[in-house]
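Residue-level structural notes
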Amino acid sequence: MGVSDQKTERLINLTMALLATKRFLSKSEIFATVAGYSGNMQTMERMFERDKDDLRALGITIHVGSHDPLFEDELGYRILENEYELALGPLTPSELSYLSLAATIWRNQLFATSGAQALLKVDALAGTALREDFGHATLTLENETPLFPALWEAITSLRSISFTYRSRTISKRRLSPYGLTLWHGSWYLVGLDLDRVEIRVFKVSRITSEIIFESPPQSFAIPDGFSIADHLIMLNTRESTNFTARVRVGRCQTLRSSAQVTNIDGEWDRIQFTLGSNWLDQLLWFGGDLVLESPADCVAELIEVLRSKL
Amino acid sequence: MKEGALDRVARALNLIPFISHNPGLSVLQIAERFNSTPAQISKDLSLLHMCGLPGYTHLELLDIDYEDPEYVSVKDAQVLDQPRSLTQVESLTLVLGLQVLSELSTDQEERAAITSLQMRIGSLAGDQIASQITITDAIEESATPTIAAIAAAIAVSQFLTIEYNSASSDSLTSRKIFPLSLSFLNGIAYLRAIAVREGEERTFRIDRIVGLSLDGIDTSYLTKYAGLGQASGHEDLEVEMGSDGLFFIEKHNEIVTSFTEGGETYRIVLRVTPGEWIIRTLLSWSSPVTVVRPSDLAAQLRQRITSALANYQ
């Protein structure tokens, strides 16, 4: 058996022993009873220290305490069942289905992997047999975000970062990242821009470089009361305008569905409708089937844009 | 990449409760779920078979039956019969996923059930992280019952007849489709489906489906369709734009095959099905676009602009 096998086996035995015990197990008890510890005392001590670190790296909490209040110097170790085990209580078949769908809609590498891991655990609670299949592999939500794992690391461990950002111009940005939010299929990064000393929002897909860590973990604090939603400028640009236009009879179907329509003659109808800030793109789509009549400044802008496209 | 002992321990600790609650799977099926190989899973099982509680007699060891690779079961999981708790990122993945589902749901009761589940899992993730990684509006349109109906139809291989407001042909048509998948691009929901009459794959915007009725079920349709071979009909075209070409690339990411950047201009190669859609897409881009090739598309686009302008003279 290879060294790696021995170590794997010892770590599993140690986990099981610490999980099974109802009281703290002392080091000497562990060395005497858990399979895999051998050699002189010093070797075993070193082995045990590394093993504890490894189990903690796997996210397993090992409690240290004394099983004898009179002899506190002899410390013992144990893993609490209620912390180790997934405690979700009983799940109904439809809840299992929601969970499996929630786990599998992600395209970003971090959530895709974590979702698969989470689902293995959920399936180990109740078995896959109960789960209704919704055909969930067919739903995708996000645009691709390869930088997601690095951003997650920066945000959760509070490390400042730098990256190249491409907007109208390309520039290097330094940021204390506060959070990420998914809006309309794309991830947005919110944080304190260290050069502009202001909270800014960045569309993750416009970051063109790797994420470079500029500081060790825990190097900044998120201000009290900070909320991502307060900084999302895209939520504040929803002004709408009322338009009147002539449209050819039978044409411009998508506009008509939410418009007031009056017939003019055999060739034209007049419609009144409301559009948001992207009205120009939406009206250009109809080409010569639509003649904008008001408001006047929009008519002028539309004609100007058409001329510029020639 | 060579796997470390820790990855293996993590997998082994998940394997036992998983097999315990899903007895009778084959080694291959287990390997697929664990994103591993059958050889690796077999090695894991024989290693786990040697592990157990102090004492290490047959009463304390993990008892796993894996002699028949077609039927694996755990007879005694000792203290490992329950799965490990979720990590922070695992909980958050589920919480955010459930939030998206509740946005998509139109059924009050279903939405309440999803939200309550979301809160149960949320308590495992922690408040701090939940305030740092959020969903503002996953999708643009408020959820439509259409999405739920289509998802259900996809699951059972059911045909649909839809009333579709086609923006490219600017007309309302009724068509029979076989739904394949739902996706969201820039927050807008799309349905990929086979248009039965044309025998071709098409993409429909969910918000333009104005009517929908369920049709027959045919679980073998996809296989039959694949046998026919798909019509491709794609064409490469090349356009040149100013500095906002970047935003065009972002918006139409799915059809952009390559682009080059030269100072203030972008040259973009697109792969599309020729027709109304691409002409109107270029027409509705509010800044100048030069079609480099093919020349007939350049002429068509020019003619559209000229006739639109003629209305104002």
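Residues numbered from 1 in each chain as written. Chains lettered and ligands numbered in written order. Predicted model: local features only at pLDDT ≥ 70, side-chain atom pairs only at ≥ 80, totals over all residues. Heavy atoms only, no water.

Some remarks on the overall build of chain B
- Counting its secondary structure elements, chain B contains eleven helices and twelve strands.
- Its C-alpha atoms give chain B a radius of gyration of 27 Å, more than 25% over the compact-globule value 20 Å for 313 residues.
- Based on the C-alpha atoms only, the size of chain B along its principal axes is roughly 95 × 50 × 40 Å.
- Across the 313 residues of chain B, 46% fall into the buried class. (Helix = DSSP H or I, 4+ residues; strand = E, 2+ residues; numbered from the N terminus. Rg over C-alpha atoms; globule rule 2.2 N^0.38 Å. Buried < 20%, exposed > 50% of the residue type's maximum accessible area, 1.4 Å probe, protein only.)

What to know about the domain arrangement of chain B
- Segmentation of chain B into domains returns domain 1 (5–76), domain 2 (88–132), domain 3 (145–228) and domain 4 (235–310).
- Taking only C-alpha atoms, the centre of domain 2 of chain B and the centre of domain 4 of chain B are 41 Å apart. (Domains from an automatic or database assignment.)

Observations concerning the interface of chain A and chain B
- Taken together, the 112 residues of chain A in the interface contact 109 residues of chain B.
- Of the roughly 9600 Å² buried where chain A meets chain B, counting both sides, 62% is carbon and sulfur surface.
- Between chain A and chain B we count eight salt bridges in total.
- Glu-95 of chain A is the salt-bridge partner of Arg-120 of chain B, the closest N and O atoms lying 3.1 Å from each other.
- At the surface where chain A touches chain B, the tally comes to 33 residue pairs in polar contact (both at pLDDT 80 or more). (Contact = heavy atoms within 4.5 Å. Buried area = accessible area lost by both parts, 1.4 Å probe. Salt bridge = Lys/Arg side-chain N within 4 Å of Asp/Glu carboxyl O. Polar contact = N/O pair within 3.5 Å; in protein donor to acceptor, adjacent residues only side chain to side chain.)

Here's the deal with unusual backbone geometry
- Here the amide bond leading from Ser-294 of chain A into Pro-295 of chain A is cis, since omega sits at 0°, within 30 degrees of zero.
- Tracing the backbone through its elements, the reader meets Pro-295 of chain A in the loop between strand E13 (290–294) and helix H10 (296–309).
- If you check the backbone angles, Leu-158 of chain A has positive phi at about 55° while not being a glycine.
- The phi dihedral of Tyr-56 of chain B is positive, around 55°, even though this residue is not glycine.
- Its location among the elements puts Tyr-56 of chain B in the loop between helix H3 (38–48) and strand E1 (63–65).

Let's talk about the confidence of the model for chain B
- Overall, the predicted model of chain B reaches an average pLDDT of 85, with 94% of residues at or above 70.
- For this predicted complex, the interface confidence score (ipTM) comes to 0.75, while the overall pTM stands at 0.73. (pLDDT = per-residue confidence, 0-100.)

Some words on the domain arrangement of chain A
- The domain boundaries assigned to chain A delineate domain 1 (3–84), domain 2 (93–138), domain 3 (148–236) and domain 4 (241–309).
- Look at where the C-alpha atoms of domain 3 of chain A and domain 4 of chain A centre, and you get two points 39 Å apart.

Quick notes on a negative patch on the surface
- Judged by side-chain charge, Glu-81 of chain A together with Asp-63, Asp-76 and Asp-81 of chain B come together as a negatively charged surface patch.
- Within the secondary structure, Asp-63 of chain B is located in strand E1.
- Take Asp-63 of chain B: its relative accessible area is 30%, and that puts it in the partly exposed class. (Patch = residues over 30% accessible without salt bridge, like charges linked within 9 Å, V, L, I, M, F, W, Y side chains within 5 Å. Areas by Shrake-Rupley, 256 points an atom, 1.4 Å probe, with all protein chains shown as cover. Lys, Arg positive; Asp, Glu negative; His and termini not counted. Charge placed at Lys NZ, Arg CZ, Asp CG, Glu CD.)

With respect to the packing of helix H6 (residues 109–126) of chain A against helix H4 (residues 88–104) of chain B
- The geometry of H6 of chain A relative to H4 of chain B is characterised by a closest axis approach of 8 Å and an angle of 95° between their N-to-C directions. One way to sum up the angle between H6 of chain A and H4 of chain B is to call them roughly perpendicular. Only Val-89, Glu-90, Leu-92, Thr-93, Leu-94 and Leu-96 of chain B of H4 of chain B make contact with H6 of chain A, whose side of the interface consists of Leu-110, Phe-111, Ser-114, Gly-115, Gln-117, Ala-118 and Lys-121 of chain A.
- Class assignment of the residues belonging to the contact of H6 of chain A with H4 of chain B gives a composition of seven nonpolar, four polar and two charged. (Axes fitted to C-alpha atoms, helices over the stretch in contact; angles between N-to-C directions. Parallel < 35°, antiparallel > 145°, perpendicular 65-115°, else oblique. Nonpolar A, V, L, I, M, F, W, Y, C, P; charged D, E, K, R; others polar.)

Section: the packing of aromatic side chains
Residues and elements named next belong to chain A.
- Scanning the entire structure with this criterion turns up 25 aromatic pairs over all chains.
- Here Phe-111 and Phe-148 contribute two aromatic rings whose centre-to-centre distance is 4.8 Å and whose plane-to-plane angle is 65°, an arrangement assigned as edge-to-face. Within this pair, whereas Phe-111 is found in helix H6, its partner Phe-148 is found in helix H7 (residues 148–156), the two being separated by 37 residues in sequence. Here Phe-111 and Phe-148 have matching classes, each one buried.
- Among the aromatic side chains, those forming a connected cluster through ring pairs are Trp-106, Phe-111, Phe-148, Trp-152 and Trp-187. (Phe/Tyr/Trp six-rings, centres within 6.5 Å; stacked < 30°, edge-to-face > 60°.)

Focus on the state of the cysteines
- Counted by the stated rule, this structure contains zero disulfides over all chains.
- Left without a disulfide partner, Cys-252 of chain A is nearest to the cysteine sulfur of Cys-298 of chain A, which lies 17 Å away. (Disulfide = S-S within 2.5 Å.)

Some details on the pairing of strand E11 (residues 260–263) of chain A
All names here are of chain A.
- Note that E11 and strand E12 (residues 268–275) share four bridges and pair antiparallel. The residue bridging Thr-262 from the neighbouring strand is Arg-270, located in E12.
- Between E11 and E12, which pair antiparallel in sequence order, lie four residues. (Pairing = 2+ DSSP bridges.)

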